[in-house]
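Analysis of the macromolecular model
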Amino acid sequence: MKLYNSLTRNKEKFSPAEKTVTMYTCGPTVYHYAHVGNLRTYIMEDILEKYLIYLGYDLKRAMNITDVGHLTSDGDSGDDKMLLGAKREKKTVLEIAEFYTQAFFGDFEKLNIKKPDIVIPATSRINDYIDIISSLIQKGYAYESGGNVYFDTSKLSKYFVFSRHLAENLEVGVREDVGRDQNKKSPNDFVLWFTKSKFDSQELKWPSPWGTGYPGWHIECSAISIKELGPKLNIHCGGVDNAFPHHTNEIAQSEAFLGGHWCDFWFHVRHLKDETGKMSKSKGGALTLSTLVEKGYSPMVYRFFCLMSHYRKVLSFTFPALDNAKAAYEKLLSRILPLIEDKTDSAIDKEAFKFHKAAFVSALGNDLNTSLAVTSIYDVLKSGATGATKLCLIADFDKVLSLDLIKNAVSYGESQKLIESGAEISANGAEDELKILIEKRTAAKKAKDFAAADKIRDKIREMGYAVEDTADGVRLKKL
RNA sequence: GGCACCAUAGCCAAGUGGUAAGGCAGAGGUCUGCAAAACCUUCAUUCCCCAGUCCGAGUCUGGGUGGUGCCUCCA
């Protein structure tokens, strides 16, 4: 497959030497619910992972859970986000972490995102961080200053890997509202270990050769990745905003520690934005999956919405756009349903199967072109292939897309269950009343009293159902 | 101020030098007491603008314009 690599700014052929592909994902800082923008990134990473598995690779994927060390600023200032969350909710840091980690993976389940095989809370690997930091100091890549340990970026021949910044220009380019940490030799340097007394109120502290304290944000990903996935990493994923400083710093540490090239591909997912710009957890009030569900959008509708766009494009989130995706998704299900209900035996047309599968594989093979991959479902539906072939192809594509196409087509069919004469209405408190109304309406129609029939239809609509006449009887559709 | 990315219909979007896919929405039709559903038809002489290269440009080059992101909180 071809995959865009942020490191080279090019689409490159992804052809790992080994059959086992290693993939690392920056997990969430669990101080609050994930919002739909965060989730977009994980959905797209899920497609990457499942596509690689679909192609026959074995995948080994690890993710961290940041439950310590993520400050609101990266210098010797700022507060720990976890601590802030704990204060806000009057709970301990560990309780907060536990709660939001659960919520995070709950969203994964709802969105059919595969949970990585290896999930490591940052607090569980403190000794590894200390080992790496000690080694970095020994090799001359890190120094102690003002009680903290910093990474010395001046020791690197190239620090800014994702942009064309020149280190000496940075002073010019630096944002004005950012405070300077006077302990740093260079503004580019970043903290590996904090021991400053300002964190005395911190619940989580660990002893280290440099004093009691806790790790900086960037070290956890390097340490977990190297330990779990080895010194060579195939793909590192994350949101674009992490390219700098987080990923840049990860590369600096990891390569200084390993003494050579570390990760081949950097997969960065662009942001979801709303009317106000980028969605951001720290801005607060961001939209969560549960909110969408409360508003009547199933998680699959959101997943479909994301797949219709491309991961390297900024996607604008608006409710009309989501309605669009909902209509498209439901219409798609309604076109799949007859294929499932069709009980006539038909053989699988192997040629047609191969042809459509090839189109699907090549769509995703071109830098994960998910909207083209979705189009290939429509091409299958429109084709002259047998029902069995179509169904088989859709099930096959859904191994990667994970839109629950078959399962939801069935429940979609049930949700607008046919109510033939005498058939029961499925469990619902109002069923008797509904049944009587439908019978009355049918009688009115028979008597050609259409005004009365329409009145009853309006009444049923008020109860939350649309009545539709079909050749066989009446169809009730939940609104 | 520096760096990067993006610009195709109302919206999402394909397109990788050969004459604008697909989806949703919209319009018209068939069917229906009317609706709904389903099906059929339709929907960009043009791809932000201006120059250039080429037989040929949405695609390549240069210059604009607009949007977005990053420049120590973010997926």
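I will try to describe carefully the structure that is included in this document. (Residues numbered from 1 in each chain as written. Chains lettered and ligands numbered in written order. Predicted model: local features only at pLDDT ≥ 70, side-chain atom pairs only at ≥ 80, totals over all residues. Heavy atoms only, no water.)

What chain A contains, in helices and strands, is 16 helices and 17 strands. Each of the 479 residues in chain A was classed as buried or not, and the buried ones make up 50%. At a minimum sequence separation of 6, the contacts of chain A that also span at least 24 residues come to 75%. Accessible surface, chain A: about 22,500 Å² in total, of which carbon and sulfur atoms supply 52%. (Helix = DSSP H or I, 4+ residues; strand = E, 2+ residues; numbered from the N terminus. Buried < 20%, exposed > 50% of the residue type's maximum accessible area, 1.4 Å probe, protein only. Contact = heavy atoms within 4.5 Å. Areas by Shrake-Rupley, 256 points an atom, 1.4 Å probe, with all protein chains shown as cover.)

Taking strand neighbours across the sheet as the criterion, the four strands line up as β6-β7-β8-β9 in an open arrangement whose pairing is antiparallel. Bordering the open sheet on either side are β6 (142–145) and β9 (214–215), each of which pairs with just one other strand. One ladder, built from three bridges, connects strand β7 (residues 148–151) with strand β8 (residues 190–194); its direction is antiparallel. Its bridge partner being in β8, V149 is matched across the sheet by W193. Strands in contact with helix α7 (residues 243–258) are β7 and β8; relative to β8, the strand with the most contacts, it is inclined by about 70°. (Pairing = 2+ DSSP bridges. Axes fitted to C-alpha atoms, helices over the stretch in contact; angles between N-to-C directions.)

Let us look at unusual backbone geometry. Here the residue pair F244 and P245 is connected by a cis peptide bond, since its omega of 0° sits within 30 degrees of zero. Within the secondary structure layout, P245 lies in helix α7. Of note, K90 is a non-glycine position whose phi angle comes to about 55°, a positive value. By the element assignment, K90 lies in the loop between α2 (81–89) and α3 (93–110). In the Ramachandran plot, D404 falls in the positive-phi region, its phi being about 55° despite a non-glycine side chain. Looking at the element boundaries, D404 is found in the loop between α13 (387–401) and α14 (405–415).

Time to look at the sheet that holds strand β10 (residues 233–239). The strand order across the open sheet built from five strands is β5-β4-β3-β10-β11, with neighbouring strands paired in parallel fashion. Single-partner strands in this sheet number two, and they are β5 (118–121) and β11 (263–269). Adjacent strand axes in the sheet meet at a mean angle of 20°, parallel and antiparallel pairs treated alike.

Lining the immediate environment of RNA strand B, one finds 65 residues, of which K81, P187, W217, G239 and K278 sit closest. When atoms of RNA strand B within 4 Å of the protein are split into backbone and base, the sugar-phosphate part holds 60%. In this structure, a sugar or linking oxygen belonging to RNA strand B sits 2.2 Å away from a side-chain N or O atom of K81. Within the contact set of RNA strand B, a phosphate oxygen lies 3.5 Å away from a side-chain nitrogen or oxygen of K331. In terms of residue class, the surface near RNA strand B is made up of 17 nonpolar, 26 polar and 22 charged. (Near = heavy atom within 4 Å. Polar contact = N/O pair within 3.5 Å; in protein donor to acceptor, adjacent residues only side chain to side chain. Nonpolar A, V, L, I, M, F, W, Y, C, P; charged D, E, K, R; others polar.)

A separate point is α3. With 18 residues, α3 extends 26 Å from end C-alpha to end C-alpha; this agrees with the ideal 26 Å at 1.5 Å per step. Looking at the buried positions of α3, the neighbouring elements they touch are α1 (36–54), β4 (58–65), α2, β5 and α8 (289–294). Immediately beyond the C-terminal end of α3, within one or two residues, lies N112, with a positive phi of roughly 55°. (Expected span 1.5 Å × (residues − 1).)

Next up on the list: the nonpolar core. By size, the foremost hydrophobic cluster in this structure holds 126 residues, and its most contacted members are L48, I235 and Y302. Considering every element that reaches this core, the biggest residue donor is α1, with ten residues. Two domains each provide a minimum of three residues to this core, namely domain 1 (2–283) and domain 2 (318–403). Contact partners of I235, with chain neighbours within four places excluded, come to L3, F14, V21, T22, M23, Y24, L48, L52, C263, F265 and F267. (Core = buried A, V, L, I, M, F, W, Y, C linked by side-chain atoms within 4.5 Å. Domains from an automatic or database assignment.)

Under the counting rule described, the total for this entry stands at 29 aromatic pairs. Judged by centre distance (5.8 Å) and plane angle (35°), the rings of Y297 and F319 are tilted. One end of the pair, Y297, is in the loop between α8 and α9 (299–307); the other, F319, is in helix α10 (residues 319–341), and 22 residues separate them in sequence. Since its relative accessible area comes to 9%, Y297 is described here as buried. Judged by relative accessible area, which is 27%, F319 ranks as partly exposed. (Phe/Tyr/Trp six-rings, centres within 6.5 Å; stacked < 30°, edge-to-face > 60°.)

Now for the pairing of β7. Looking along a regular strand, one sees side chains alternate from face to face of the sheet. Neither face of β7 is left uncovered, since the one carrying N148 and Y150 and the one carrying V149 and F151 both have all their residues buried. Bridging between β6 and β7 involves four bridges; their strand directions are antiparallel. Bridge pairing links E144 to V149 in β7. The loop that links β6 with its antiparallel partner β7 comprises two residues; one of these, G146, has a positive phi angle of about 55°.

Glancing now at the packing of α9 against helix α12 (residues 370–382). Running from N to C, α9 and α12 cross one another at 110°; their axes reach a closest spacing of 8 Å. Considered as vectors, α9 and α12 are oriented roughly perpendicular to each other. Contact residues: α9 offers F304, C306 and L307, while α12 offers T370, S371, V374 and Y378. Looking at the contact of α9 with α12, its residues break down into five nonpolar, two polar and no charged. (Parallel < 35°, antiparallel > 145°, perpendicular 65-115°, else oblique.)

Below, the discussion takes up the environment of G213. Here G213 is to be found in the loop between β8 and β9. On a C-alpha basis, the gap between G213 and W193 in space is 7.0 Å, while along the polypeptide they are 20 residues apart. Those residues within four positions of G213 in sequence are excluded, and the remaining contacts are W193, F194, T195, K205 and W206.

Moving on: the state of the cysteines. The final tally for this structure, using the stated rule, is zero disulfides. C221 forms no disulfide, and the closest cysteine sulfur to it belongs to C26, at a distance of 3.9 Å. (Disulfide = S-S within 2.5 Å.)

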